[in-house]
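Breakdown of the fold
One letter stands for each residue in the lines below.
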Amino acid sequence: MGFRASVFCTKGLHKPSPSTARPTLDRTLLPNLALLQSSPVNKNHSAKMTYPLIFQGLLVITWLRKCATMISKEPVDRREICVMPRPRGFDIDDVLTKAMHVFWDKGYLGTSVKDLVVATGLNKGSLYGTFQDKQSLFAQSLRHYMDWAGFLFQRTPDAVADIRNFFTNIIAISLDPDQPGGGCFLMNTAMETESLENEELKEYVVECLQGLENFFYQLLVDIKAQGQLVEGTDLKKQAQVLVGTAFSIRGLSKTFPNPTFLRNMADGALKAILVTN
């Protein structure tokens, strides 16, 4: 009966997954095959046929053992390998504050990468390596600004005082010589949103504006509950008026930084809806 290599068919065995590397034959054993074929024993016809076939069988058995070994080992997901990141040589909050001041003063379109490099002290590679691109850095700077402005939205039992304190604080910020002279960063961004391709950033700007409106609306609800609001006042419309007043103060402070004028704007918007005693 002829001896054929097909008897080593691996049908029925568990095959390795596609992600498992296919094992290869150990080519260092091939010279031994040449030795067998050139040996004196090969003068005998039956030996000449037997030795190579035996050797091929050994090679296939070795290959199957390697398959079984590799199948038994669970594949390693390289994504799960923990790589220790290189420690940064700078403070993220400090960089965001510096970038925020540049964007706040010049706007997104007016700010160049060179401006950011000079302001932050980082080279272009470090900026892109940390923040991906200019637009991403701008978005993070705006969020940093809103976190910084959180003190403006403090609430107390006295809602009227809360509104007055809000305007007092934004007037103080507007006239502070240490603050960028670009008015309100959020307002400036809202005016530039059409030039930005980041839809998430646009949505965030709208969310912030709605948050400011809701802040005033909730205070007006409290004022009405305390009986201090003029009868018939539309709370939503008045909340929007207060938002517009806040942005007007921030914008006018750039060209007309008169504290009395700015204070009168804020007081006028509030007194128009309060019940006078």
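Here goes a summary of the coordinates provided. All values derive from a computational prediction rather than experimental measurement.

Okay, a nonpolar patch on the surface next. A cluster of nonpolar side chains, Leu252, Phe256 and Phe261, forms an exposed patch at the surface whose accessible area comes to about 240 Å². Relative to the elements of secondary structure, Phe256 occurs in the loop between helix H10 (235-255) and helix H11 (259-271). The exposure class of Phe256 is partly exposed, given its relative accessible area of 40%.

A word on the nonpolar core. Core analysis: the biggest nonpolar cluster contains 57 residues, and Tyr145, Ile163, Phe166, Phe167, Leu186, Phe216 and Leu220 have the highest contact counts within it. Elements that contribute at least two residues to this core include exactly helix H3 (92-110), helix H5 (124-131), helix H6 (134-148), helix H7 (159-175), helix H8 (185-192), helix H9 (199-225), H10 and H11. Here Ile163 is in contact with Phe216, Leu219, Leu220, Ile223, Leu242 and Leu270, once residues within four sequence places are set aside.

Attention shifts here to the pattern of salt bridges. Summed over all chains, the structure comprises seven salt bridges. In this structure, Lys98 and Asp94 form a salt bridge, with 3.2 Å as the shortest nitrogen-oxygen distance. One end of the pair is Lys98 and the other is Asp94, both in helix H3 and four residues apart, which spans about a single turn. Of the residues examined, Lys98 reaches a relative accessible area of 33% and is grouped as partly exposed. Here Lys106 makes a salt bridge to Asp115, at a shortest N to O gap of 3.4 Å. Lys106 sits in the partly exposed class, given a relative accessible area of 43%. By relative accessible area, which is 24% here, Asp115 ends up partly exposed.

Analysis parameters
- Residues numbered from 1 in each chain as written.
- Predicted model: local features only at pLDDT ≥ 70, side-chain atom pairs only at ≥ 80, totals over all residues.
- Heavy atoms only, no water.
- Patch = residues over 30% accessible without salt bridge, like charges linked within 9 Å, V, L, I, M, F, W, Y side chains within 5 Å.
- Areas by Shrake-Rupley, 256 points an atom, 1.4 Å probe, with all protein chains shown as cover.
- Salt bridge = Lys/Arg side-chain N within 4 Å of Asp/Glu carboxyl O.
- Helix = DSSP H or I, 4+ residues; strand = E, 2+ residues; numbered from the N terminus.
- Buried < 20%, exposed > 50% of the residue type's maximum accessible area, 1.4 Å probe, protein only.
- Core = buried A, V, L, I, M, F, W, Y, C linked by side-chain atoms within 4.5 Å.
- Contact = heavy atoms within 4.5 Å.

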